[in-house]
Structures are given as structure tokens and as C-alpha cells.
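Geometric and topological summary
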Amino acid sequence: MAKEITTQAENKVSIIGKLLNVNIRKGKARETGADYASVTYEVRVRQSYEGHEEVSDVMVENTANMLIQKGPKAGQVNPAYENIVNMEKFVTAKNAGIDAADTVVITRGELMDNTYVSKQSGKVVPQRRVRASFCARANNPEAEDIASFRADIFIMSMTDEVDSEGTETGRLLIKGGLVGYGGKLGVLEFVVEDPSKVDFIRRTYEENQTGSFVGRIRDCVKNVVAKKTTGSWGEDIPDNAPTAIHELIITGGAEMPYEEDFAYDPTDIRKAFNVRKAMLEQKLEESRKPKPAPKASAESLW
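What this report covers is the structure whose coordinates are included nearby.

Calculation notes
Residues numbered from 1 in each chain as written. Predicted model: local features only at pLDDT ≥ 70, side-chain atom pairs only at ≥ 80, totals over all residues. Heavy atoms only, no water. Core = buried A, V, L, I, M, F, W, Y, C linked by side-chain atoms within 4.5 Å. Buried < 20%, exposed > 50% of the residue type's maximum accessible area, 1.4 Å probe, protein only. Helix = DSSP H or I, 4+ residues; strand = E, 2+ residues; numbered from the N terminus. Contact = heavy atoms within 4.5 Å. Pairing = 2+ DSSP bridges. Phe/Tyr/Trp six-rings, centres within 6.5 Å; stacked < 30°, edge-to-face > 60°. Arc of directions from axis to C-beta.

**Observations regarding the nonpolar core**
The biggest cluster of nonpolar side chains holds 41 residues, and the ones touching the most others in it are Ile-15, Tyr-41, Leu-111 and Phe-190. Here the element with the most residues in this core is strand β9 (residues 146–162); it accounts for six residues. Contacts of Leu-111, omitting those with residues within four sequence positions, involve Asn-11, Val-13, Arg-129, Val-130, Phe-149, Leu-178, Leu-188, Phe-190, Ile-217 and Leu-248. Listed in part, the eleven residues of the second largest apolar core include Ala-9, Phe-154, Ile-269 and Phe-273.

**Some words on the pairing of β9**
Counting buried residues along β9, twelve of its 17 residues qualify, which places the element largely inside the surrounding structure. With six bridges joining them, strand β1 (residues 11–28) and β9 adopt antiparallel strand pairing. By the bridge assignment for β9, Val-13 is matched with Phe-149. Here β9 pairs with strand β10 (residues 168–179) via seven bridges, running antiparallel.

**Points about the packing of aromatic side chains**
For the coordinates displayed, the defined rule picks out two aromatic pairs. Judged by centre distance (5.7 Å) and plane angle (55 degrees), the ring pair of Phe-149 and Phe-190 falls under tilted. Placement of Phe-149 in strand β9 and of Phe-190 in strand β11 (residues 185–192) is noted, with a sequence separation of 41 residues between them. Between Tyr-205 and Phe-213, the ring centres sit 5.0 Å apart and the planes meet at 45 degrees, which makes this aromatic pair tilted. Exposure remark for Tyr-205: the relative accessible area of 2% places this residue in the buried category.

**Observations concerning the side chain of Asn-11**
Position of Asn-11 among the secondary structure elements: in strand β1. Aside from chain neighbours lying at most four places away, what touches Asn-11 is Gly-109, Glu-110, Leu-111, Arg-150, Ala-151 and Leu-178.

**Brief notes about the pairing of strand β3 (residues 52–65)**
Two strands pair when backbone bridges link them, and strand β2 (residues 35–49) and β3 are joined in this way by 14 bridges, in the antiparallel orientation. Residue pairing across strands places Thr-40 opposite Glu-61, the latter belonging to β3. Linking β2 to β3, which pair antiparallel, is a turn of two residues; within it Glu-50 sits at a positive phi near 50 degrees. Across two bridges, the pairing between β3 and strand β7 (residues 128–132) is parallel. Following the sheet pairing, Val-60 is matched in β7 by Val-130.

**Topic: helix α3 (residues 195–204)**
When α3 is considered as a whole, its buried residues turn out to be Val-198, Ile-201 and Thr-204. The buried residues of α3 occupy one face: seen down the axis, they fall within an arc of 145 degrees. Every exposed residue of α3 that faces more than 90 degrees away from the buried side is listed here: Pro-195 and Arg-203.

**Thoughts on unusual backbone geometry**
Positive phi, close to 50 degrees, is recorded for Glu-50, a residue that is not glycine. With respect to the helices and strands, Glu-50 occurs in the loop between β2 and β3. Judged by relative accessible area, which is 27%, Glu-50 ranks as partly exposed. Phi at Asn-208 takes a positive value of approximately 75 degrees, unusual for a residue other than glycine. Turning to its location among the elements, Asn-208 is positioned in the loop between α3 and β12 (210–229). For Asn-208, a relative accessible area of 44% puts it in the partly exposed group.

So, in C-alpha cells, the structure goes:
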């Protein structure tokens with residue numbers, strides 16, 4: 001008997017790092033009129049793994065109603081709302097510099113599928129985000145930086161990455177399904193870089209299996225150097241092109257896939273995927289509808 005699709009998969013994000021900035025917004029929900037607060041903030045993480053060190057600026061977000069809406073505590077102030085409001089008091093690198101900024105800890109974050117339809121291109125744009133209900137100042141400011149995830153991933157596909165010239169990079173790309181609340185399916189891309197781990201996953205896992213994986217969040221900017229020639233002769237002039245990198249790097253996990261009783265049924269995943277696909281197709285259709293013409297303004301004398 002497979003795992004019920006309504007059972008939410010493990011999906012945990014942990015972050016420790018310096019608080020760069022905080023943006024808090026308060027308002028009222030359109031449908032209910034309930035007061036709410038939302039926050040987005042960036043955390044700078046200097047982490048070392050798989051033999052190298054890198055710096056990531058991880059964006060985190062959360063939205064919470066001021067009052068608890070359901071259950072025995074309905075009508076009481078929502079602790080998640082209080083946490084958002086309290087972040088106004090945190091010291092950020094934007095206001096005080098990176099050395100004086102608070103070191104913050106997030107232990108209850110989760111990876112979210114934020115795929116959307118671009119208004120400019122009219123195309124589906126894959127994107128992920130990190131959501132966390134609580135952010136706290138670190139008790140130990142010297143705590144080691146980290147931006148990690150632990151998740152139960154349904155393997156939808158595994159492919160070897162190729163660069164713009166069609167050459168294999170040695171990295172393995174995994175299209176993974178994350179089962180969320182109510183059986184909603186999120187689809188994210190995961191990357192395996194270490195050659196020995198690529199080999200292990202290739203030998204151990206297959207598509208349509210569910211496994212437990214851990215890894216690191218990479219949100220950084222890298223310079224991609226392209227050679228450009230200014231004329232038909234002479235030297236090639238390198239052109240530095242800063243490129244935003246947003247990747248989920250798998251660095252470990254369980255030795256074997258989950259047995260059938262603890263794994264998701266591929267048929268259930270397909271049904272959830274089709275629901276997601278239909279939603280995106282509807283958004284695509286809406287984006288293609290002609291927009292109403294703007295109202296004509298009075299003719300300018302100039």
C-alpha cells in the first residue's frame with residue numbers, strides 16, 4: 001500500500017546567517033478583511049561543502065494573519081504574525097553594516113514551487129522560494145552558517161546536464177516532486193555535482209521512486225565569461241556577464257529508495273501533476289487574452 005498523496009512530504013529548510021535586509025508590509029485581506037502582515041528578507045550565508053566555500057544571499061518570505069482563524073485558539077493573536085512584526089527591531093546589514101547585523105536562525109522553513117507565467121514573455125517560468133513561519137536571533141552569533149534542506153523527493157526524471165554547446169558538464173539534474181499540504185504537488189529541479197554521488201544515485205535510484213535527500217541552497221551571482229570579437233581579425237575580448245544562480249544541490253540522503261509502503265504512488269503523482277499542469281495552462285490562456293485598450297487621454301499641446 002503506497003503512501004497517501006494527502007500525506008505531506010518531509011520538506012525542511014534550515015538557515016543560519018547574517019540578516020541583510022527586511023521588508024515588512026501590513027494590510028487587509030480582500031476576501032475576508034482580516035489584518036495580515038507579510039515579510040521578505042535576505043540572509044547572507046557563507047557555507048562550505050563538498051570541498052569548496054560559497055556565499056549565498058537567500059531570500060525568505062512569510063505571510064500571516066494577525067489573528068488565528070480556526071481551531072480552539074481562534075481569535076487569539078497569531079505567533080507567526082507577532083514574529084513578523086518583531087523583525088522590525090532586528091539589526092540588518094543595510095542599516096548597520098554586515099559585521100553589526102544580527103545573525104538569524106530559521107529552523108522551520110520549507111521549499112516552495114513558485115512557477116509562474118511571465119507577463120512580458122507569456123512563457124512559464126520555473127521558480128522556487130523559501131517560506132518560513134519564524135525567524136529568530138541566534139543565541140550563538142558564532143554559529144556556523146548554513147542553508148540546507150531535507151526533503152522526501154519523488155523522482156520524476158534524471159538527466160545529464162549539458163552546457164550551451166551541448167557538452168555534458170558531469171552534473172545530474174533531477175526533476176523532483178514535493179507533495180505539499182492537501183496533496184498539492186510542487187515541481188523543483190535538484191542538482192547533483194559530486195561525481196561519486198552522481199554515480200551512486202544513478203546506480204541506486206530510478207525514476208518514479210521516492211527518496212529522502214539532503215542538500216544545500218545556492219543563491220548567488222557568478223560571472224560567466226564569454227569571448228566576443230570586435231572585428232574580423234585580432235583578439236577576442238572577454239565579456240563578463242553576471243548571472244544569478246538559484247540551485248538546490250543534493251549532497252546526501254538515504255542509502256536506498258523508500259519501500260512501497262512509504263513511497264508515493266506514481267499514479268497519484270501523475271494526477272497531482274495534471275492538476276498543476278491545468279492550472280498553468282489556464283494562466284497561459286489568460287496571459288494571451290488581449291488586454292483592454294487604455295483610455296484615450298486629452299491631446300497634448302506639445
